[in-house]
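Okay, here's what each chain looks like letter by letter:
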Amino acid sequence: QQPVQSPQAVILREGEDAVINCSSSKALYSVHWYRQKHGEAPVFLMILLKGGEQKGHEKISASFNEKKQQSSLYLTASQLSYSGTYFCGTAWYNNNDMRFGAGTRLTVKP
Amino acid sequence: DAGVTQSPTHLIKTRGQHVTLRCSPISGHKSVSWYQQVLGQGPQFIFQYYEKEERGRGNFPDRFSARQFPNYSSELNVNALLLGDSALYLCASSLSFREKLFFGSGTQLSVL
């Protein structure tokens, strides 16, 4: 019942772009994105509630395709501070809790 | 405002023992969720409590139990500890269901 994330890991140079994908086998109510840095707790980035919705946070944005039950996180002009593990969390219509994917480890190098 | 606080931060136990982990949510948050995170993996859902009632349970054995108190703080109890229970246990609070989660720093449990 967990969402599936891809890729598992990404290595970028500063200024490059990346896309992280999240898909669910069940109808999605909402998708959350979190970032966790090594040794720290996950930190909320954004929530997407409606099909086709796109939201942005600095140079990080995301889309949510309700029909395909997928969400994508877009990181543009990456900075060193973007390094960390990104998790998507999914909430479904028939339950109240949130399930997380296995994570995508993003490394940004100078 | 204080964030989500968890105690203790680190714990070492031996197999067969039991453990109690504690969590205080952000003031005003009525929902508390517990997650288990093994190194290199995503948080695995254990329990969700809202208004002192269990509202969701993940795929964990009955050795795991939890409760939420009238002040919305919460405890996670694990009995008959196994080596495989070694993990970071995260507590997250939110205003309600499906709202954004605010995580505590976690309790690192080591079972020897």
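Owing to the predicted nature of the structure, the values given are computational and were not obtained by experimental measurement.

Draft legend 1. View of the state of the cysteines. This model, assessed by the stated rule, comprises two disulfides over all chains. Paired through a disulfide, A:Cys22 and A:Cys88 show a sulfur-sulfur distance of 2.1 Å. Sign of the S-S torsion, about 70° for the bond between A:Cys22 and A:Cys88, identifies this disulfide as right-handed. Here A:Cys22 is found in strand β3 (residues 18-23), whereas its partner A:Cys88 is found in strand β9 (residues 84-92), with 66 residues between them in sequence. A single burial state applies to A:Cys22 and to A:Cys88, both of which are buried. The disulfide bridge from B:Cys23 ends at B:Cys91, spanning 1.8 Å between sulfur atoms. Looking along the S-S bond of the B:Cys23-B:Cys91 disulfide, the torsion reads about -60°, which is the left-handed sense. Of this pair, B:Cys23 sits in strand β3 (residues 19-24) while B:Cys91 sits in strand β9 (residues 87-94), and the two are 68 residues apart along the sequence. In this pair, the class of B:Cys23 matches that of B:Cys91, namely buried.

Draft legend 2. Looking closely at the packing of aromatic side chains. In total, this model carries nine aromatic pairs over all chains according to the counting rule given. The interplanar angle of 70° and the centroid separation of 5.4 Å between the aromatic rings of A:Tyr34 and A:Phe100 together place this pair among those described as edge-to-face. Of this pair, A:Tyr34 sits in strand β4 (residues 28-36) while A:Phe100 is found in strand β10 (residues 99-100), placing the two residues 66 residues apart along the sequence. Take A:Phe100: its relative accessible area is 1%, and that puts it in the buried class. Between B:Tyr35 and B:Phe103, the ring centres sit 6.0 Å apart and the planes meet at 50°, which makes this aromatic pair tilted. One end of the pair, B:Tyr35, is in strand β4 (residues 31-37); the other, B:Phe103, is in strand β10 (residues 102-103), with 68 residues separating them in the sequence.

Draft legend 3. Here's a closer look at the pairing of strand β7 (residues 60-65) of chain A. Residues and elements named next belong to chain A. Relative to strand β8 (residues 70-75), β7 runs antiparallel, the two sharing six bridges. The residue bridging Ser63 from the neighbouring strand is Ser72, located in β8. In sequence, β7 turns back onto β8 through a hairpin of four residues, with Gln69 there showing a positive phi of about 55°.

Draft legend 4. Here's a closer look at the environment of A:Asn94. Here A:Asn94 lies in the loop between β9 and β10. It is 9.5 Å that separates the C-alpha atoms of A:Asn94 and A:Lys26, two residues lying 68 residues apart in sequence.

Draft legend 5. How the structure looks around the side chain of B:Ser31. All names here are of chain B. Of note, Ser31 is situated in strand β4. At 3.3 Å, the side chain of Ser31 forms a polar contact with the side chain of Gln48. Among the polar contacts made by the side chain of Ser31, one reaches the main-chain carbonyl oxygen of Tyr49 at a distance of 3.4 Å.

Draft legend 6. Looking closely at the environment of B:Glu99. With respect to the helices, strands and loops of the structure, B:Glu99 is situated in the loop between β9 and β10. Note on B:Glu99: relative accessible area 37%, which makes it partly exposed. Ignoring any residue separated from it by four or fewer positions in sequence, one finds B:Glu99 in contact with A:His32 and B:Ser94.

Draft legend 7. The arrangement of the interface of chain A and chain B in detail. With 22 residues of chain A at the contact, the number on the chain B side is 22 residues. Taken over both partners, the interface formed by chain A and chain B buries close to 1,700 Å², and the fraction arising from carbon and sulfur atoms is 57%. The largest share of the area that chain A buries against chain B comes from A:Pro42, A:Asn96 and A:Phe100, three residues that together contribute 31% of it. The tally of links between chain A and chain B comes to four residue pairs in polar contact (both at pLDDT 80 or more). Elements represented by at least two residues in the side of chain A that touches chain B include exactly β4, β5 (43-48), β9 and β10 of chain A.

Draft legend 8. Local environment of the pattern of salt bridges. All names here are of chain B. Enumeration over the complete set of coordinates arrives at eight salt bridges over all chains. The residue Arg63 makes a salt bridge to Asp85 at a minimum N-O spacing of 2.8 Å. Of this pair, Arg63 sits in the loop between β6 (53-57) and β7 (64-68) while Asp85 sits in the loop between β8 (74-78) and β9, placing them 22 residues apart in sequence.

Cut-off values and rules
Residues numbered from 1 in each chain as written. Chains lettered and ligands numbered in written order. Predicted model: local features only at pLDDT ≥ 70, side-chain atom pairs only at ≥ 80, totals over all residues. Heavy atoms only, no water. Disulfide = S-S within 2.5 Å. Helix = DSSP H or I, 4+ residues; strand = E, 2+ residues; numbered from the N terminus. Buried < 20%, exposed > 50% of the residue type's maximum accessible area, 1.4 Å probe, protein only. Phe/Tyr/Trp six-rings, centres within 6.5 Å; stacked < 30°, edge-to-face > 60°. Pairing = 2+ DSSP bridges. Polar contact = N/O pair within 3.5 Å; in protein donor to acceptor, adjacent residues only side chain to side chain. Contact = heavy atoms within 4.5 Å. Buried area = accessible area lost by both parts, 1.4 Å probe. Salt bridge = Lys/Arg side-chain N within 4 Å of Asp/Glu carboxyl O.

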